[in-house]
Amino acid sequence: MSTITSKDGTEIYYKEWGEGPVVTFSHGWPLSSDAWDGQMLFLAQNGYRVVAHDRRGHGRSSQASSGNDMNGYADDLAAIIEALDLQNATLIGHSTGGGEVTRYIGRHGSKRVAKVVLIAAVPPIMLKTPANPEGLPMEVFDGLRAGLVKDRSQFYRDLAIQFYGANRPGANVSQGTLDQFWLWSMQAGLKNAYESIKAFSETDFTEDLKKIDVPALVLHGEDDQIVPVKDSAKKSAKLIKGAKEIYYPGAPHGITATHQDQVNFDLGISPVLRGGPVEPQVSRGKFPSLTMEWNPSKRCT
């Protein structure tokens, strides 16, 4: 297994496929880097070097007793980037991973970064506060913690349904997709998953977002039941100078799985490799120019 050791001795698992321009992936809570396999395989097969890690306490990484906060997550990402000497990387983060990427820029700058992509990401801040009255009340996150402590296995099975929008009329989410969410989630340590709720819900990324000085793409499903779009992506895009935005009508939180081909397309992948043109479900601006602009450094043909 490929691992690096963080400054506090935590072993962080990572996987690295392919050669070419670098793309890193930071996963959502409470999953692992395997949640990115659909994007990673496609990119690796088409001339990219892709790197993804399991967040501390998740997947195959050590279940550290401390550092289960956004600063710790960002520093672990920095440790991976520095250990592998990654340069001109496109950093992609989903959900909590979007917070990790954003805090990385806030703490470590963008000298090794070419672009940033935030997918269904938690910034600027999820929690309802006097400064963020549109946020979710603390009771929501207390409920998550209570569910974990009471019966985390059943809690994850229930959460998967909302995560992928399987509770919506006409949803076509396979049992396999729901099962893999449970499997990945059960690999996370209970203490790590528990403490991560505070990290992704209460961290204020406002100043970090303002420090993003590379091209940024904000992508979100409009029917996200986990991270409501109006309180996250819409606000983040206003804080990042020159950010591009793409919104998928009716799409859930887990769009990297439910809308895998569309996400790949919007990251700059040519539809020719999938047997012909793909009709875009939603975008702001024209797809051809957007996909060329959002090619992580080159375009697959």
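Since the model is a prediction, treat every value here as computed from it, not as a measurement. (Residues numbered from 1 in each chain as written. Predicted model: local features only at pLDDT ≥ 70, side-chain atom pairs only at ≥ 80, totals over all residues. Heavy atoms only, no water.)

A.B. asks: Please explain the packing of helix α4 (residues 138–163) against helix α5 (residues 175–186) as it appears in this structure.
C.D. replies: The description of two helices packed together rests on the angle between their axes and the distance between the axes. Running from amino to carboxyl end, α4 crosses α5 at an angle of 135°, the nearest separation of the two axes being 9 Å. With respect to α5, the axis of α4 lies oblique. In this structure, α4 meets α5 at a crossing whose hand is right-handed. Residues Arg-152, Ser-153, Tyr-156, Arg-157, Leu-159, Ala-160, Ile-161 and Phe-163 of α4 pack against Leu-178, Asp-179, Phe-181, Trp-182, Ser-185 and Met-186 of α5. (Axes fitted to C-alpha atoms, helices over the stretch in contact; angles between N-to-C directions. Helix = DSSP H or I, 4+ residues; strand = E, 2+ residues; numbered from the N terminus. Parallel < 35°, antiparallel > 145°, perpendicular 65-115°, else oblique. Left-handed = near helix turned anticlockwise from the far one by under 90°. Contact = heavy atoms within 4.5 Å.)

A.B. asks: How do you make sense of α4 when you look at a structure like this?
C.D. replies: Along an α-helix, a turn takes 3.6 residues, which lines up residues three or four apart on a common side. Over its 26 residues, α4 extends only 19 Å from the first C-alpha to the last, a length that falls short of the 38 Å expected when each residue adds 1.5 Å. Of all the bends in α4, the greatest measures close to 130° and is centred on Asp-151. The secondary structure elements touched by the buried residues of α4 are β5 (89–94), α5 and α6 (190–202). Immediately downstream of α4, the backbone of Gly-165 shows phi near 70°, a positive value. (Expected span 1.5 Å × (residues − 1). Bend = angle between axes of the 7 residues up to and from the residue.)

A.B. asks: What is the right way to look at the pattern of salt bridges in this model?
C.D. replies: Between side chains of opposite charge, a pair can form when the charged atoms approach closely. Using the criterion set out here, one finds 20 salt bridges in the structure. Here Asp-34 and Arg-60 are joined by a salt bridge, their closest N and O atoms 2.9 Å apart. Placement of the pair is Asp-34 in the loop between β3 (22–26) and α1 (37–44) and Arg-60 in the loop between β4 (49–53) and α2 (70–83), with a sequence separation of 26 residues. Judged by its relative accessible area of 17%, Asp-34 is buried. (Salt bridge = Lys/Arg side-chain N within 4 Å of Asp/Glu carboxyl O. Buried < 20%, exposed > 50% of the residue type's maximum accessible area, 1.4 Å probe, protein only.)

A.B. asks: Sorry if this is basic, but what is going on with the pairing of β4 here?
C.D. replies: Every regular strand shows the same layout, with side chains that alternate between the two sheet faces. A large share of β4 lies buried, amounting to 4 of its 5 residues. For strand β2 (residues 11–17) and β4, the ladder comprises 4 bridges, and the chain directions are antiparallel. By the bridge assignment, Tyr-14 is partnered in β4 with His-53. Here β3 runs beside β4; their pairing, made up of 4 bridges, is parallel. The residue bridging Phe-25 from the neighbouring strand is Ala-52, located in β4. Taken together, β3, α1 and β4 constitute a β-α-β crossover, and its handedness is right-handed. (Pairing = 2+ DSSP bridges. Right-handed = clockwise from strand over helix to strand, strands pointing away.)

A.B. asks: Where do I start with the nonpolar core in this structure?
C.D. replies: Considering soluble globular proteins, one finds that nonpolar side chains tend to be buried as a cluster. Counting residues in each nonpolar core, the largest one holds 61 residues, and the members touching the most others are Trp-29, Tyr-104, Val-116, Phe-181, Phe-200 and Ile-240. Listed in part, the 20 residues of the second largest apolar core include Leu-43, Ala-52, Ile-92 and Leu-217. (Core = buried A, V, L, I, M, F, W, Y, C linked by side-chain atoms within 4.5 Å.)

A.B. asks: How do you make sense of the environment of Gln-175 when you look at a structure like this?
C.D. replies: Turning to its location among the elements, Gln-175 is positioned in helix α5. Here the alpha-carbon distance between Gln-175 and Ile-161, two residues 14 residues apart in the chain, equals 9.9 Å.

A.B. asks: Looking at this structure, how should I read the confidence of the model for the protein chain?
C.D. replies: Detailed reading of predicted coordinates is not advised where the pLDDT is low. Put simply, the protein chain has an average pLDDT of 90, and 89% of its residues get 70 or more. pLDDT under 50 marks residues 269–301. Its contacts with residues more than four places away, or in other chains, come to 80 contacts. (pLDDT = per-residue confidence, 0-100.)

A.B. asks: In this structure, what is going on with the side chain of Ser-6? I would like to understand it.
C.D. replies: Topologically, Ser-6 is positioned in the loop between β1 (3–5) and β2. For Ser-6, a relative accessible area of 7% corresponds to the buried category. Polar contacts involving the side chain of Ser-6 include one to the side chain of Asp-8, which spans 2.5 Å. Not counting residues up to four positions away in its chain, the partners in contact with Ser-6 are Arg-56 and Asp-76. (Polar contact = N/O pair within 3.5 Å; in protein donor to acceptor, adjacent residues only side chain to side chain.)

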